[in-house]
Amino acid sequence: MDFNLKKLTSDAGVFFTRAVQFTEEKLGSAEKTELDAHLENLIARADCTKNWTEKIFRQTEVLLQPNPIDHTGARIEEFFYEKLDKKIPSRTTNGELLGQYMLDAAKDFGPGTPYGSTLITVGEYQSRLGGAEREFLQTSAINFLTPLRNFLEGDWRTISKERRLLENRRLDLDICKARVKKAKQAEAKAACEGDAEPDFQETRPRNYVLSASASALWSEEVDKAEQELRVAQTEFDRQAEVTRLLLEGISSTHVNHLRCLHEFVEAQATYYAQCHQYMQELQKELSSANSDTYPNSFASNANPSTSATCPSPVSSATLPGVSPPCLASTSTPGIAREPSGPLKIQDVQQPSTGHRKAKVLYDYDAHDTSELSLLADELITVYTVPGMDPDWLVGERGNQKGKVPVTYLELLS
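Residues numbered from 1 in each chain as written. Predicted model: local features only at pLDDT ≥ 70, side-chain atom pairs only at ≥ 80, totals over all residues. Heavy atoms only, no water.

Novice: Lay out the overall build of the protein with the relevant residues and their values.
Specialist: Summing up its helical and strand segments, the protein has seven helices and seven strands in all. Per-residue burial for the protein yields a buried fraction of 33% across its 413 residues. In the protein, of all internal contacts separated by at least 6 residues, the share reaching a separation of at least 24 is 67%. Accessible surface, the protein: about 25800 Å² in total, of which carbon and sulfur atoms supply 55%. (Helix = DSSP H or I, 4+ residues; strand = E, 2+ residues; numbered from the N terminus. Buried < 20%, exposed > 50% of the residue type's maximum accessible area, 1.4 Å probe, protein only. Contact = heavy atoms within 4.5 Å. Areas by Shrake-Rupley, 256 points an atom, 1.4 Å probe, with all protein chains shown as cover.)

Below, the structure is given as structure tokens:
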């Protein structure tokens with residue numbers, strides 16, 4: 001207990017003297033040992049690396065897990081699994097959860113109904129999108145977030161510890177320098193005034209016992225202070241070298257983080273490419289399903305075989321005053337196809353009769369100059385042209401004219 005008390009007292013004394021030295025430096029009443037320029041640059045570079053790495057790490061976590069509540073719960077769960085040395089289970093993504101809800105809803109609505117079958121199709125693709133997202137999150141966490149976290153929680157903590165130790169060594173060195181300076185000044189003063197009894201309050205504790213003449217004690221005090229200064233200088237130089245070696249390792253950290261950044265971008269590109277592919281496939285399936293569910297009101301009732309057919313005069317596709325021609329049909333009703341022969345839309349003139357207004361049901365992007373782009377809910381004028389594919393009409397909007405697919409239109413009376 002006595003030893004512990006002495007150690008505690010000694011540590012408190014060291015802390016107090018360092019605090020006094022630090023305060024006097026801030027007030028400008030004490031000299032401060034400056035680090036060499038190279039070490040100062042390394043420290044500044046390390047601080048910059050730490051600050052930006054921490055910001056990038058936190059924001060990447062937000063990007064991968066936008067919901068802060070879910071993010072906090074996920075981190076707590078990961079913490080417990082790490083402490084228990086167990087594998088973290090894979091979590092269900094929002095996309096996978098949405099897909100499962102759609103599939104469950106389709107069972108209640110009826111898989112054979114148009115809505116139920118569409119829910120099944122969309123739900124399956126939502127599950128695929130969620131699976132791609134989960135793979136992206138796992139890859140990003142392993143290849144990008146983990147190295148950044150290891151630097152912040154591992155290497156940087158070691159650097160910070162050594163930097164604090166270097167700062168303590170510097171304070172001890174400056175304390176010894178101040179002590180040597182005061183002892184030499186007191187020695188010179190004693191030499192001028194004779195063997196006056198010295199006052200060691202500035203260099204030694206108050207309970208210091210005088211055991212020799214003043215000049216001899218001052219000389220001994222100077223020797224002890226210089227010896228402590230040499231020890232403090234050695235410890236400071238050694239700690240400065242250790243800190244410098246650690247700080248120079250920041251360059252290799254940058255190289256490692258650069259490689260991780262490339263892997264993160266690669267995973268991100270793969271993820272978005274998969275999402276784009278899935279959405280294109282989903283659009284094609286929905287387009288095909290819509291053609292079957294909502295057949296073309298302009299299409300004939302002919303069978304999807306190659307035969308010479310002529311639409312019925314009373315068909316809903318027949319425009320007033322226009323007699324539809326008989327054509328060789330090779331397509332399935334409700335699916336738009338290109339006209340069999342070349343047709344110059346600009347040469348087509350709007351007939352005096354047989355044209356009517358139509359409402360656009362869906363957006364449509366023209367594939368070439370002969371087609372007209374459409375916007376949902378807009379009104380255009382449409383009419384038929386002899387020899388033109390029955391699944392296409394000529395549409396006009398102001399000065400614009402072009403072919404439009406009939407599956408995208410609703411005729412107005």
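Once you've had a look at it, read on.
Novice: Any chance you could break down the nonpolar core for me, citing the residues and the numbers?
Specialist: In terms of nonpolar packing, the biggest core is built from 37 residues, with L35, L39, F136, L166 and L247 touching the most fellow members. Put simply, the parts of the chain that give this core at least two residues each are α2 (37-64), α4 (94-109), α5 (114-193), α6 (214-248) and α7 (250-293). Sort the elements by how many residues they give to this core and α5 lands first, with 16 residues. If sequence neighbours within four positions are ignored, L39 has contacts with L166, A240, R244 and L247. Core analysis: the next-biggest nonpolar cluster, separate from the first, contains 18 residues, V360, L374, V394 and L411 among them. (Core = buried A, V, L, I, M, F, W, Y, C linked by side-chain atoms within 4.5 Å.)

Novice: Tell me about the environment of T158, residues and numbers included.
Specialist: In this structure, T158 sits in helix α5. For T158, a relative accessible area of 38% gives the class partly exposed. Remark: the alpha-carbon pair of T158 and L246, spanning 88 residues in sequence, is separated by 8.4 Å.

Novice: Just give me the short version of the environment of E221, but keep the residues and values in it.
Specialist: With respect to the helices and strands, the residue E221 is situated in helix α6. Distance in space between the C-alpha atoms of E221 and V180 is 8.5 Å, their sequence separation being 41 residues.

Novice: Let's hear about a nonpolar patch on the surface: which residues, and what values?
Specialist: A cluster of nonpolar side chains, contributed by L258, L261 and V265, occupies part of the molecular surface with about 250 Å² of accessible area. Structurally, L261 is set in helix α7. The class for L261 is partly exposed, based on a relative accessible area of 39%. (Patch = residues over 30% accessible without salt bridge, like charges linked within 9 Å, V, L, I, M, F, W, Y side chains within 5 Å. Salt bridge = Lys/Arg side-chain N within 4 Å of Asp/Glu carboxyl O.)

Novice: Tell me about the packing of aromatic side chains, and name the residues and values.
Specialist: For the structure shown, the criterion picks out eight aromatic pairs. Look at Y362 and Y408: their rings are 5.8 Å apart centre to centre, the planes differ by 85 degrees, and that puts the pair in the edge-to-face class. Remark: Y408 occurs in the loop between β6 (400-405) and β7 (409-411) and Y362 occurs in the loop between β3 (356-360) and β4 (379-383); sequence separation between them is 46 residues. Three or more aromatic residues link up through ring pairs in this structure, and these residues are F136, F144, F264, Y271 and Y272. Of note, K55 hangs over the ring of W52, and the distance from its end group to the ring centre comes to 4.7 Å. (Phe/Tyr/Trp six-rings, centres within 6.5 Å; stacked < 30°, edge-to-face > 60°. Lys NZ or Arg CZ within 6 Å of the ring centre and 35° of its normal.)

Just distances and angles here, no functional claims.
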